[in-house]
Amino acid sequence: MPVKYTFRDGRIPIHSVMFHQSRPIMYICTSSHVYLYDLQRQCLVKKLFSGGQPMCCIAAHAGGDNIIVGGNDGKLAWFDMDLSNMPYKVMSSHASAIKGVAFHKKYPLFASVSDDTTVHVFYGMVHSDLNQNALIVPLKILRSHSPHDCEGVLDCAFHPTQPWIFSAGADKTIVLFCDEM
């Protein structure tokens with residue numbers, strides 16, 4: 001099988017890669033930028049700047065025009081690509097490095113997980129009216145993991161149809177946070 005190098009620069013370490021949900025766009029997250037690369041035209045579409053924040057993980061909203069990026073400094077950045085190539089909002093949510101971020105596919109929820117052993121859940125409403133900015137509200141801080149070798153929660157994923165979130169910790173546990181039973 002032939003190999004095609006889409007993005008190669010030995011000086012830039014790539015932390016995370018993901019695809020747009022409906023367009024042939026690939027998001028490439030490095031420590032200082034997020035590159036949007038058009039796979040069909042094979043060209044760089046947009047370059048998002050962190051504003052000095054070290055970035056390490058990325059998630060895209062179902063609409064595709066909003067992304068969240070977690071940083072090694074515990075900060076979470078929301079990018080609205082219709083507004084600017086700089087973060088729309090930066091939240092200092094965690095005390096340690098953010099290891100994973102996720103959007104819910106059905107509900108206006110997103111989350112971040114960190115080495116501080118917490119899962120932060122946010123309400124994030126994206127409006128179809130371009131004159132209105134996204135509404136971002138912190139909802140809950142979830143704790144269930146314990147630290148292991150200076151690491152806390154490593155990743156998270158939302159259930160596809162329910163407002164539940166799974167988290168995976170360095171303590172070798174997977175936790176489901178859901179409504180009261």
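Residues numbered from 1 in each chain as written. Predicted model: local features only at pLDDT ≥ 70, side-chain atom pairs only at ≥ 80, totals over all residues. Heavy atoms only, no water.

Looking at the pairing of strand 9 (residues 98-103)
In terms of burial, strand 9 is a largely internal element, 5 of the 6 residues being buried. The pairing of strand 9 with strand 10 (residues 109-114) spans 5 bridges and is antiparallel. Considered in strand 10, the bridge of Gly-100 is made with Val-113. With antiparallel pairing between neighbouring strands as the criterion, strand 9 and strand 10 make up a hairpin whose turn holds 5 residues. (Buried < 20%, exposed > 50% of the residue type's maximum accessible area, 1.4 Å probe, protein only. Helix = DSSP H or I, 4+ residues; strand = E, 2+ residues; numbered from the N terminus. Pairing = 2+ DSSP bridges.)

So, the sheet that holds strand 13 (residues 153-158)
Strand order in the open sheet made by the 3 strands is 13-14-15, with antiparallel pairing throughout. In this open sheet, the two strands that pair with only one neighbour each are strand 13 and strand 15 (174-177). Recorded for the sheet is a direction-independent mean angle of 20° between the axes of neighbouring strands. (Axes fitted to C-alpha atoms, helices over the stretch in contact; angles between N-to-C directions.)

Topic: the nonpolar core
Counting 15 residues, the largest nonpolar core has Tyr-27, Val-34, Ile-58, Ile-67 and Val-69 as its most contacted members. Elements that contribute at least two residues to this core include exactly strand 2 (25-30), strand 3 (33-38), strand 5 (55-60), strand 6 (66-71) and strand 7 (75-80). Sequence-distant contacts of Tyr-27, defined by excluding residues within four places in its chain, comprise Ser-16, Val-17, Met-18, Phe-19, His-20, Tyr-35, Leu-36, Ile-58, Ala-60, Gly-64, Ile-67 and Met-81. In this structure, Cys-56, Leu-76, Trp-78 and Phe-103 belong to the second largest nonpolar core, which totals 14 residues. (Core = buried A, V, L, I, M, F, W, Y, C linked by side-chain atoms within 4.5 Å. Contact = heavy atoms within 4.5 Å.)

Quick look at a nonpolar patch on the surface
Side chains of Leu-135, Val-137 and Leu-139 sit close together on the surface and give an oily, nonpolar patch of about 240 Å² of accessible area. Within the secondary structure, Leu-135 sits in strand 12 (residues 135-143). Assessed through its relative accessible area of 42%, Leu-135 is described here as partly exposed. (Patch = residues over 30% accessible without salt bridge, like charges linked within 9 Å, V, L, I, M, F, W, Y side chains within 5 Å. Areas by Shrake-Rupley, 256 points an atom, 1.4 Å probe, with all protein chains shown as cover. Salt bridge = Lys/Arg side-chain N within 4 Å of Asp/Glu carboxyl O.)

Section: the pairing of strand 2
Of all 6 residues in strand 2, 6 are buried, a share of seventy percent or more. Both faces of strand 2 are covered, namely the face carrying Ile-25, Tyr-27 and Cys-29 and the face carrying Met-26, Ile-28 and Thr-30. One ladder, built from 5 bridges, connects strand 1 (residues 14-19) with strand 2; its direction is antiparallel. The residue bridging Ser-16 from the neighbouring strand is Cys-29, located in strand 2. Where strand 2 meets strand 3, 5 bridges bridge the pair, whose relative direction is antiparallel. Among the inter-strand pairings, Tyr-27 is bridged to a residue of strand 3, identified as Leu-36. Once strand 2 ends, the chain turns through 2 residues before running back antiparallel as strand 3.

Considering the environment of His-104
With respect to the secondary-structure elements, His-104 resides in the loop between strand 9 and strand 10. Looking at His-104, the relative accessible area reads 3%, which means it is buried. Placed 33 residues apart in sequence, His-104 and Gly-71 show a C-alpha to C-alpha distance of 20 Å. Sequence-distant contacts of His-104, that is, excluding residues within four places in its chain, are made with Leu-109, Phe-158, His-159, Pro-160, Thr-161, Gln-162 and Pro-163. From its side chain, His-104 meets the backbone nitrogen of Lys-106 in a polar contact 2.9 Å long. Of note is the side chain of His-104, whose polar atom sits 2.9 Å from the backbone oxygen of His-159. (Polar contact = N/O pair within 3.5 Å; in protein donor to acceptor, adjacent residues only side chain to side chain.)

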